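Commentary on secondary and tertiary structure
Residues per chain, in single letters:
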Amino acid sequence: MATRRIGIIVNGATGRMGYRQHLVRSLLAIQEQGGVELADGDRLMPELLLVGRNEEKLRTVAERHGLTDWTTDVDDALSRDGYEVYFDALVTNLRVDNLKKAIAAGKAIYTEKPTAESFEDALELARLATAAGTPNGVVHDKLYLPGLLKLRRLIDSGFFGEILSVRGEFGYWVYEGDWQSAQRPSWNYRSEDGGGIVADMFPHWNYVIEELFGRIEDVYAQTATHIPTRWDEKGQEYTATADDAAYGVFRLEGGTVVQMNSSWDVRVHRDELVEFQVDGTKGSAVVGLHSARIQPREATPKPVWNPDVKDGHDYYADWIEVPDNEVFDNGFKVQWEDFLRHVGGAVEGPAYPYDFLSGARGVRLAEAGLTSSAEGRRIALDPLTEARA
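Residues numbered from 1 in each chain as written. Predicted model: local features only at pLDDT ≥ 70, side-chain atom pairs only at ≥ 80, totals over all residues. Heavy atoms only, no water.

Concerning the overall build of the protein
Selection criterion: Helix and strand definitions follow DSSP, with helices as H or I runs of at least four residues and strands as E runs of at least two, each counted in order from the N terminus. The buried label applies to any residue whose accessible area, calculated with a 1.4 Å probe on protein chains only, is under 20% of its type's maximum; exposed applies above 50%, and partly exposed to all values in between. Two residues form a contact once any of their heavy atoms are found within 4.5 Å. Exposure was quantified through the Shrake-Rupley algorithm and a 1.4 Å probe, taking into account, for residues, occlusion by the shown protein chains and nothing else. The convention is simple: Lys and Arg are positive, Asp and Glu are negative, and His and the chain ends are not counted. To locate a charge, take atom NZ for lysine, CZ for arginine, CG for aspartate or CD for glutamate.
In terms of helices and strands, the protein carries 9 helices and 18 strands. With respect to the three principal axes, the spread of C-alpha positions in the protein is 75 × 55 × 45 Å. Within the protein, the fraction of its 389 residues that count as buried is 51%. Considering only intrachain contacts with a sequence separation of at least 6, the fraction spanning at least 24 residues in the protein is 71%. As presented, the protein carries roughly 18600 Å² of accessible surface, and 49% of it is formed by carbon and sulfur atoms. Taking the average place of the 42 positive charges on the side chains of the protein and the average place of its 62 negative ones, the gap between the two points comes to 1 Å.

Observations regarding the pairing of strand β13 (residues 257-263)
Rules: Note on pairing: DSSP must find at least two bridges between two strands before they are called paired.
Of the strand pairs in this sheet, strand β8 (residues 163-171) and β13 are connected by 7 bridges, and their pairing is parallel. The partner of valine 166 across the bridge, within β13, is valine 258. In this sheet, β13 lies alongside strand β12 (residues 245-252) in antiparallel orientation, the contact comprising 7 bridges. By the bridge assignment, glycine 248 is partnered in β13 with methionine 260. Connecting the antiparallel pair β12 and β13 is a turn made up of 4 residues, with glycine 254 showing a positive phi of about 105°.

Notes on the side chain of serine 373
Mapped onto the fold, serine 373 is located in helix α9 (residues 356-375). A relative accessible area of 16% places serine 373 in the buried class. The residues touching serine 373, leaving out its near neighbours within four places in the chain, are Ala221, Gln222 and Thr223.

So, unusual backbone geometry
Residue lysine 113 is joined to proline 114 through a cis peptide bond whose omega torsion reads -5°. A positive phi angle, near 65°, is found at asparagine 325, a position not held by glycine. With respect to the helices, strands and loops of the structure, asparagine 325 is situated in the loop between β17 (320-321) and α8 (331-344). Residue classification places asparagine 325 among the exposed positions, given a relative accessible area of 64%.

Brief notes about the packing of helix α5 (residues 119-132) against α9
Our working rule: Between N-to-C directions, angles span 0 to 180 degrees; the directions come from axes that are lines fitted to C-alpha atoms, helices contributing only their stretch in contact. Our angle categories are set so that under 35 degrees counts as roughly parallel, over 145 as roughly antiparallel, 65 to 115 as roughly perpendicular, and the remainder as oblique.
At their nearest, the axes of α5 and α9 sit 8 Å apart, and the two run at 170° to each other. Classified by the interaxial angle, the pair formed by α5 and α9 is roughly antiparallel. Contacts between α5 and α9 involve Phe119, Ala122, Leu123, Leu125, Ala126 and Ala129 from the former and Phe356, Leu357, Ala360, Val363, Arg364 and Glu367 from the latter.

Some words on the packing of aromatic side chains
In plain terms, the rule: Only the six-membered ring of Trp is used, alongside the rings of Phe and Tyr, when aromatic pairs are assigned; centres must lie within 6.5 Å, and planes under 30 degrees apart are stacked while those over 60 apart are edge-to-face, with the rest tilted. Here, a charge over a ring is recorded when the distance from Lys NZ or Arg CZ to the ring centre is within 6 Å and its angle to the ring normal is within 35 degrees.
In total, this model carries 13 aromatic pairs according to the counting rule given. A connected cluster of aromatic rings, assembled from ring pairs, spans Phe87, Tyr110, Trp336, Phe339, Tyr352 and Tyr354. Against the face of tyrosine 83 rests arginine 5, its NZ or CZ located 5.7 Å from the ring centre. Taking the ring centre of phenylalanine 119 as reference, the NZ or CZ of arginine 364 above it sits at 5.9 Å.

Observations concerning the sheet that holds strand β14 (residues 274-280)
What the 9 strands build is an open sheet, ordered β17-β16-β15-β14-β8-β13-β12-β9-β18; its pairing is mixed. Strands at the two margins of the open sheet, each flanked by one partner only, are β17 and β18 (379-380). Each of β8, β14, β15 (283-287) and β16 (292-296) is contacted by helix α6 (residues 146-157), which is oriented at about 165° to β15, the strand it contacts most. Helix α7 (residues 197-212) contacts β8, β9 (216-224), β12, β13 and β14 of the sheet and is inclined by roughly 25° relative to β12.

Considering the side chain of threonine 223
Along the chain, the position of threonine 223 falls in strand β9. Among residues more than four places away in sequence, those in contact with threonine 223 are Val198, Asp243, Ala245, Ala246, Leu370 and Ser373.

Brief notes about the pattern of salt bridges
Working definition: two side chains of opposite charge can pair if their charged atoms are close together. For clarity, the cut-off: A pairing counts as a salt bridge when a side-chain nitrogen of Lys or Arg comes within 4 Å of a carboxyl oxygen of Asp or Glu.
Here the structure, examined in full by the defined rule, presents 31 salt bridges. Among the ionic pairs, aspartate 218 bridges to arginine 378, the shortest N-O distance being 3.7 Å. Separated by 160 residues along the polypeptide, aspartate 218 in strand β9 and arginine 378 in the loop between α9 and β18 bring together distant segments of the chain. Judged by relative accessible area, which is 6%, aspartate 218 ranks as buried.

Laid out in structure tokens, this is it:
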């Protein structure tokens, strides 16, 4: 069996996500394991070309990991024939132009989300990629998390019966940056720089909801900027212009209702930073990033409401932990492997499911959520299954 190389341009290699999740924990980890095994037994070995805007940071990252191919010129990188894949982990407001260049250069494209700041731009990317025959994929990392893989297993087994509702809680307290440094970059809180929790998280909720529970028919959302003043990385005070919390209700095709709270102004009182409670006619589950607990209909207690008497029942004890039953690898890495098999595999397969059109639906949901909040009304979402001309 042969080992074949596949050249990958990694744009944004020095950023938080680009470096930690994609370079170190995914691509370098794939190299260390000997590449990606293909259906025919061959292996696909990534060869990396790092791209970034800061030459000093880029050189430091390259030297740290023994990489010699890097450049600050994205046009130079795209002009090289030996690199078939372009990956984008830049801030959102720089993404569209680079993705268009990559399409024009004939590269296969894998990108972080959101794919664009506006639905119009995201849809144009999907249309351009379709017209050019460009293999393309968008990071849908949460679908590869152990907790959500267990949830998928429960759904596929019929455990829930009819799924009635989903309630999600995401978030944590992000320090303002004055007396303790913030855990997130300051641009996240400036709408003019592409910030905002709706723009960040609604694209995630879109693919999680549509892949696990069904198509979103409409959305009602309320956003807030709970903390109007923050301090940036240099200790300078600035006005937060982007939403830092969002409260959404999504109605799905078939009638399931999803409620999703997202906030950077909430103190955590749950087992994980994100949790979903799924309630069905035959059972319920509480699922986080890694864990999943279930309560089948047959083991559901029968509470009686009486506020005058303290309830001594331990409701947490009524839930059963779902076992792993398999070894879960890093979700970003596993999705990289799936995409590389799609692009470089020897066997022709179906279209990659998490493509630019899926990314465009996520951007549309974020846009609809902001419109809903601004106008105080429910926003309907038509099916979007192909790029409009």
